[in-house]
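# Residue-level structure breakdown
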Amino acid sequence: MDTVDLKDWGLKGDDSLPLGIVGPCSAETEEQVMATAKDLIHKNVHVFRAGVWKPRTKPGTFEGVGEPGLQWLNKVRDTYGLKVGTEVATRDHVRLAIQYKMDMLWVGARTTVNPFAVQEIADAIKEFGGLDIPVLVKNPINPDLDLWIGGLERLNAVGVKKLGAIHRGFSTYEKIQYRNAPKWQIPIEFKRRLPNIPVICDPSHIAGNRELLFSISQTALNLNFDGLMIESHVNPDEAWSDAKQQVVPARAIEMTEELQLRKEQAENTAEVKKLDALRTQIDELDHRLIAILGQRMDVARQIGEVKKSSNVAVLQANRWDELLEDRKQKGEAAGLSDKFTKKFLDAVHEESINKQDKLMK
Ligand code: PEP
Ligand code: MN
């Protein structure tokens, strides 16, 4: 893809944190927007974000203030000199965002999944003369790298050259510690395939809470991401959307100051990055392993309930022998030694038996 380098996007930034995009999930009132922006004036905040059209999971919840929000964003730019950006999902959003001279646009995760919608946005950007505006494409909510890249290609094809990607994690039905699973291997592969496209991390939508924000941001910087998009609100607990994950401006700024920016080391830079990437994968695999073990224990507990009500013994040796044989074969196919598979399953089995035994008492 023929693109313009991030440093030539016209959004203030420096070598350390190339791009900091901070602001509320949603523009709610003029007062909330202005008060948040005022507290976000800082060298690490290059763009003030606020959603004015909100794709919500359920109807009947706050869906954004629309056009007045763009007026407030203009006021932020005029009053505080911050660049401003918002999410667009339809031709009409693009028309208004360009009319109100947004400095940056982004395509939301729920929009990237729909090629018709992305094409409509791309065509509208061209139609309304917005080809020079930087556009960031969030990953689709499903873990599909080609669909993500396809979205960028649609924009590139109409002539948008200031293109970037936002990693905001992936929707999952499994109960995990994150709101959206980071699946770091996907943005890593994205960077391998499109090394010229900056990738920004949105730790707020990955975390879904305030506690995990910092560590996710640090991981992103360890992996050499090009910036962060952080949700911040003057009064997070009262926010009309995504209240749990927003932080006050002072905390957002403090975070950008406390984060360790990975220095390019004179030696072994490629190895260090590779190691970070691999360790991140190990962390994520372990988290998934633990979540799956938790689910397995829950099923074992349910089996225990059935055994109890039908008065069947906890241990059935035949069943366990068969299971072990089957798992050993599967383990071998996955490159695990018999000894390891047996040891691992014995530990798992012991825990299930203990749980079931307790239930019977
Ligand atoms: C947002 O940035 O507020 C938003 C709606 O995010 P996403 O598209 O990542 O869900
Ligand atoms: Mn949000």
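Predicted model only: the values in this text are computed from it and were never measured.

### Concerning the site of ligand 1
Around ligand 1, the neighbouring residues are Cys 25, Arg 49, Lys 54, Glu 87, Trp 106, Gly 108, Ala 109, Arg 110, Lys 138, Arg 168, His 205 and Glu 231. In this structure, an oxygen atom belonging to ligand 1 sits 3.4 Å away from a side-chain N or O atom of His 205. Protein contacts shield 97% of the accessible area of ligand 1, which totals 300 Å² for the unbound molecule. Classifying every residue of the shell around ligand 1 gives three nonpolar, two polar and seven charged.

### Some words on the coordination of the manganese ion (ligand 2)
Those donors, Cys 25 (SG), His 205 (NE2), Glu 231 (OE) and Asp 242 (OD), are the protein atoms that reach the manganese ion (ligand 2), and they lie 2.1 to 2.4 Å from it. Expressed as a motif, the donor residue spacing for the manganese ion (ligand 2) is C-x179-H-x25-E-x10-D. Taken together, the positions of Cys 25 in the loop between strand S1 (19-23) and helix H1 (30-39) and His 205 in helix H8 (residues 203-207) put the pair 180 residues apart, joining distant regions of the chain. Of the two residues, Cys 25 and His 205, neither departs from the other in class, the shared state being buried.

### Focus on the pattern of salt bridges
Here the structure, examined in full by the defined rule, presents 20 salt bridges. Arg 179 is the salt-bridge partner of Asp 242, the closest N and O atoms lying 3.1 Å from each other. Of this pair, Asp 242 sits in the loop between strand S8 (227-231) and helix H10 (249-258) while Arg 179 is found in the loop between strand S6 (163-167) and helix H7 (185-193), placing the two residues 63 residues apart along the sequence. Here Asp 298 and Arg 301 are joined by a salt bridge, their closest N and O atoms 2.9 Å apart. A residue pair is termed a helical-turn pair when its members lie 3 or 4 positions apart in one helix, as Asp 298 and Arg 301 do in helix H11 (residues 269-310) at three residues. Exposure remark for Arg 301: the relative accessible area of 32% places this residue in the partly exposed category. Via salt bridges that share partners, Arg 251, Glu 254 and Glu 258 belong to a single interconnected network.

### Let's talk about the domain arrangement of the chain
Under the domain assignment used here, the chain contains domain 1 (6-258) and domain 2 (269-360). Summarising the inter-unit geometry, the C-alpha centres of domain 1 and domain 2 are found 39 Å apart. Between domain 1 and domain 2, the contact holds 13 residues from the first and 10 residues from the second. A buried area of about 950 Å², summed over both sides, lies between domain 1 and domain 2, and 54% of it is on carbon and sulfur atoms. Run the count over domain 1 and domain 2 and you get zero salt bridges.

### Re the pairing of strand S3 (residues 83-87)
Among the five residues in S3, four count as buried, and that is most of the element. In this sheet, S3 lies alongside strand S2 (residues 47-49) in parallel orientation, the contact comprising three bridges. Bridging from a neighbouring strand, Val 47 pairs with Lys 83 of S3. The β-α-β motif built from S2, the intervening helix H2 (residues 67-80) and the parallel element S3 has right-handed crossover chirality. Where S3 meets strand S4 (residues 104-107), three bridges bridge the pair, whose relative direction is parallel. Across the sheet, residue Thr 86 finds its bridge partner in S4, namely Leu 105. For the crossover that starts at S3, traverses helix H3 (residues 91-99) and ends in the parallel S4, the hand is right-handed.

Criteria and cut-off values
Residues numbered from 1 in each chain as written. Chains lettered and ligands numbered in written order. Predicted model: local features only at pLDDT ≥ 70, side-chain atom pairs only at ≥ 80, totals over all residues. Heavy atoms only, no water. Near = heavy atom within 4 Å. Polar contact = N/O pair within 3.5 Å; in protein donor to acceptor, adjacent residues only side chain to side chain. Areas by Shrake-Rupley, 256 points an atom, 1.4 Å probe, with all protein chains shown as cover. Nonpolar A, V, L, I, M, F, W, Y, C, P; charged D, E, K, R; others polar. Donors = N, O, S within 2.8 Å, 3.2 Å for Na, K, Ca; no water. Helix = DSSP H or I, 4+ residues; strand = E, 2+ residues; numbered from the N terminus. Buried < 20%, exposed > 50% of the residue type's maximum accessible area, 1.4 Å probe, protein only. Salt bridge = Lys/Arg side-chain N within 4 Å of Asp/Glu carboxyl O. Domains from an automatic or database assignment. Contact = heavy atoms within 4.5 Å. Buried area = accessible area lost by both parts, 1.4 Å probe. Pairing = 2+ DSSP bridges. Right-handed = clockwise from strand over helix to strand, strands pointing away.

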